[in-house]
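Spelled out, the chains give:
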Amino acid sequence: MNKKINIAIDGPAGAGKSTVAKKVADRLSFVYIDTGAMYRALTYLALKTNTDIHNEETLNQLLLNAEISLKNEQGEQTIYLNDEEVSDKIRSSEVTNHVSYVAKHRAVREEMLKRQQQLAQNGYTVMDGRDIGTAVLPDAKVKIFLSASVEERARRRHQENVQKGEDSNLDTLIEEIRKRDQIDSERDVAPLVKADDAIEIDTTDRSIEQVTAEILTIVSAVPERD
Ligand code: CDP
Ligand code: CDP
């Protein structure tokens with residue numbers, strides 16, 4: 001599609017952002033940008049180097065010296081931290097359970113915002129996260145806020161874990177997701193909140209295909225010229 005726009009997709013964990021964002025990007029030949037992966041990569045690095053994740057200054061220094069790249073290799077999204085491929089490592093439960101503390105710090109968010117805005121400066125991106133429509137791309141032509149009940153979101157994660165052959169407990173997942181939602185929504189800087197001009201889609205009872213189609217319809221209504 002030849003519309004030089006950016007599409008912002010926000011929402012809590014397990015709402016379906018990355019799955020749907022990738023499909024929308026594929027269908028439009030846009031670039032998919034996973035901003036959560038950037039916070040996860042920094043968290044992975046902090047844990048690996050025993051950096052105190054509650055110390056804003058040391059964490060920010062760590063980020064300023066780190067190159068985080070999002071690549072597309074054979075149709076797969078891969079994440080590099082300096083020269084290390086970390087795509088799977090950043091999805092560990094250890095990273096998942098610490099990332100919201102890392103993402104709370106103002107200095108970290110300011111640097112991430114700069115990097116993310118640069119990635120989207122030429123348009124043609126689908127970017128997902130928590131603060132894309134509110135802070136990173138407030139002028140995005142399309143803003144979507146995906147939601148789903150916490151039980152459904154945990155059930156989806158549980159299913160993923162089971163499919164990967166990993167230990168998984170639904171009740172623990174519900175608690176972990178609730179906790180992460182709370183930290184993400186209550187932080188002072190760029191909290192998880194629906195932008196006033198975002199369109200909310202409750203995905204609880206909707207399939208991936210239905211949600212993708214709904215977003216593509218919204219995109220097709222955007223005029224060719226901005
Ligand atoms: O995939 P999942 O929804 O579990 O999480 P993610 O998108 O990988 O994001 C991981 C964490 O990074 C979130 O829980 C937030 O704490 C943080 N994050 C953020 O603060 N702002 C963003 N734009 C993206 C992620
Ligand atoms: O990125 P986010 O954490 O918002 O969610 P995701 O990783 O895209 O989706 C979590 C899981 O829910 C994946 O296994 C999807 O296949 C599944 N899903 C679903 O069952 N129905 C939807 N409408 C969207 C996602």
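Here the structure is a predicted model, which means the values were calculated and not measured.

(A) Representation of the site of ligand 2. Around ligand 2 lies a shell of 14 residues, among which Gly-14, Lys-17, Thr-19, Arg-157 and Glu-160 are the nearest. Contacts to ligand 2 include Gly-14, whose backbone N or O atom sits 2.8 Å from an oxygen atom. One of the backbone N or O atoms of Ser-18 is found 2.9 Å from an oxygen atom in ligand 2. Here ligand 2 loses 83% of its free accessible area of 540 Å² to cover by the protein chains. Mapped onto the shell around ligand 2, the elements with two or more residues apiece are helix 1 (17–28) and helix 7 (150–163).

(B) Structural context of the UniProt feature "domain: Cytidylate kinase" (unreviewed entry) in the protein. When the UniProt feature table is mapped onto this chain numbering, "domain: Cytidylate kinase" (unreviewed entry) sits at residues 7–219. Along residues 7–219, the helical share is 50% and the strand share 17%, with 8 Å between the first and last C-alpha atoms.

(C) Local environment of the sheet that holds strand 4 (residues 76–81). On the basis of which strands lie adjacent, the open sheet formed by three strands has the order 3-4-5 and antiparallel pairing. This sheet does not close on itself; its edge strands, each paired only once, are strand 3 (68–73) and strand 5 (84–85). Here strand 3 pairs with strand 4 via six bridges, running antiparallel. Bridging from a neighbouring strand, Leu-70 pairs with Ile-79 of strand 4. Packing of helix 2 (residues 35–48) onto the sheet brings it into contact with strand 3, strand 4 and strand 5, and relative to strand 3 it is tilted by some 125°.

(D) The arrangement of the nonpolar core in detail. In this structure, Leu-42, Ile-68, Leu-81, Ile-90, Val-108 and Met-112 are the most contacted members of the largest nonpolar core, which totals 24 residues. Looking at this core, the elements with two or more residues in it are helix 2, helix 3 (56–64), strand 4, helix 4 (93–102) and helix 5 (106–119).

(E) Spatial organisation of the packing of aromatic side chains. Per the stated rule, a full pass over the model turns up one aromatic pair. Between the aromatic rings of Phe-30 and Tyr-124, the centroid separation amounts to 5.6 Å while the plane-to-plane angle is 85°, which identifies the pairing as edge-to-face. With Phe-30 in the loop between helix 1 and strand 2 (31–34) and Tyr-124 in the loop between helix 5 and strand 6 (125–129), this pair connects stretches of sequence that are 94 residues apart. Here Tyr-124 falls in the partly exposed class, since its relative accessible area comes to 27%.

(F) The site of ligand 1, seen in detail. Taken together, 19 residues lie near ligand 1, and Arg-40, Arg-109, Asp-131, Arg-180 and Asp-184 sit nearest. Between ligand 1 and Arg-40, the relevant distance is 2.6 Å, taken from an oxygen atom to a side-chain nitrogen or oxygen of the residue. Of all the secondary structure elements, the ones that give two or more residues to the shell around ligand 1 are helix 2, helix 4 and helix 8 (170–186). When residues of the shell around ligand 1 are assigned to their parent elements, the largest contribution, four residues, is made by helix 2.

(G) Inspection of the environment of Lys-194 at higher detail. Within the fold, Lys-194 resides in the loop between helix 8 and strand 8 (199–202). A sequence separation of 135 residues divides Lys-194 from Leu-59, and the C-alpha atoms of the two residues are 28 Å apart. Sequence-distant contacts of Lys-194, that is, excluding residues within four places in its chain, are made with Thr-134, Phe-145 and Glu-200. There is a polar contact of 3.1 Å between the side chain of Lys-194 and the backbone oxygen of Ala-198.

(H) Quick look at the UniProt feature "binding site: ATP" (unreviewed entry) in the protein. According to UniProt, the feature "binding site: ATP" (unreviewed entry) maps to Gly-11, Pro-12, Ala-13, Gly-14, Ala-15, Gly-16, Lys-17, Ser-18 and Thr-19 in the numbering used here. Residue position: Pro-12 is located in the loop between strand 1 (6–10) and helix 1. Judged by relative accessible area, Pro-12 falls into the buried class, the value being 9%. In this structure, Pro-12 is in contact with Lys-17, Arg-130, Phe-145, Leu-146, Ser-147, Arg-153, Asp-181 and Leu-192, ignoring residues within four places of it in sequence. Within the element layout of this structure, Thr-19 appears in helix 1. According to the relative accessible area criterion, Thr-19 is partly exposed, its value standing at 33%.

Rules used in this analysis
- All residue numbers refer to positions counted from 1 along the written sequence of the respective chain.
- Here the convention is simple: chains get letters from A, ligands get numbers from 1, in the order in which they are written.
- Residue-level local features of this predicted model are given only where pLDDT is at least 70; pairs of side-chain atoms are given and counted only at 80 or more, and the full residue set underlies all totals for whole chains, interfaces and linings.
- Side-chain measures were taken over the full set of non-hydrogen atoms in the model, leaving aside hydrogen atoms and water.
- To be near a molecule or strand, a residue needs just one of its heavy atoms within 4 Å of it.
- Whenever two N or O atoms come within 3.5 Å, that pair is a polar contact, provided that in protein one can donate a hydrogen and the other can accept it, and provided that, for residues adjacent in sequence, both atoms are side-chain atoms.
- For the area figures, the Shrake-Rupley method with a 1.4 Å probe applies, and any residue is considered shielded solely by the protein chains shown.
- Secondary structure elements follow DSSP: runs of H or I of four or more residues count as helices, runs of E of two or more count as strands, with numbering from the N terminus.
- UniProt positions are given in the numbering used here, feature names are shortened, and annotations may be inferred rather than shown by experiment.
- We call two strands paired when DSSP finds no fewer than two bridges between them.
- Only heavy atoms matter for contacts: two residues are in contact if any of them lie within 4.5 Å across the pair.
- Under this scheme, a helix contributes an axis fitted over its contacting stretch, all axes are lines through C-alpha atoms, and angles between N-to-C directions fall in the 0 to 180 degree range.
- Among buried residues, those of type Ala, Val, Leu, Ile, Met, Phe, Trp, Tyr and Cys that are joined through side-chain atoms within 4.5 Å constitute a nonpolar core.
- Here's how the labels work: a residue is buried when its accessible area is under 20% of the maximum for its type, exposed when over 50%, partly exposed in between, all with a 1.4 Å probe on protein chains only.
- Paired rings are identified among Phe, Tyr and Trp, the last through its six-membered ring, by centres lying within 6.5 Å, and are further divided according to the angle between planes into stacked (under 30 degrees), edge-to-face (over 60) and tilted (the rest).

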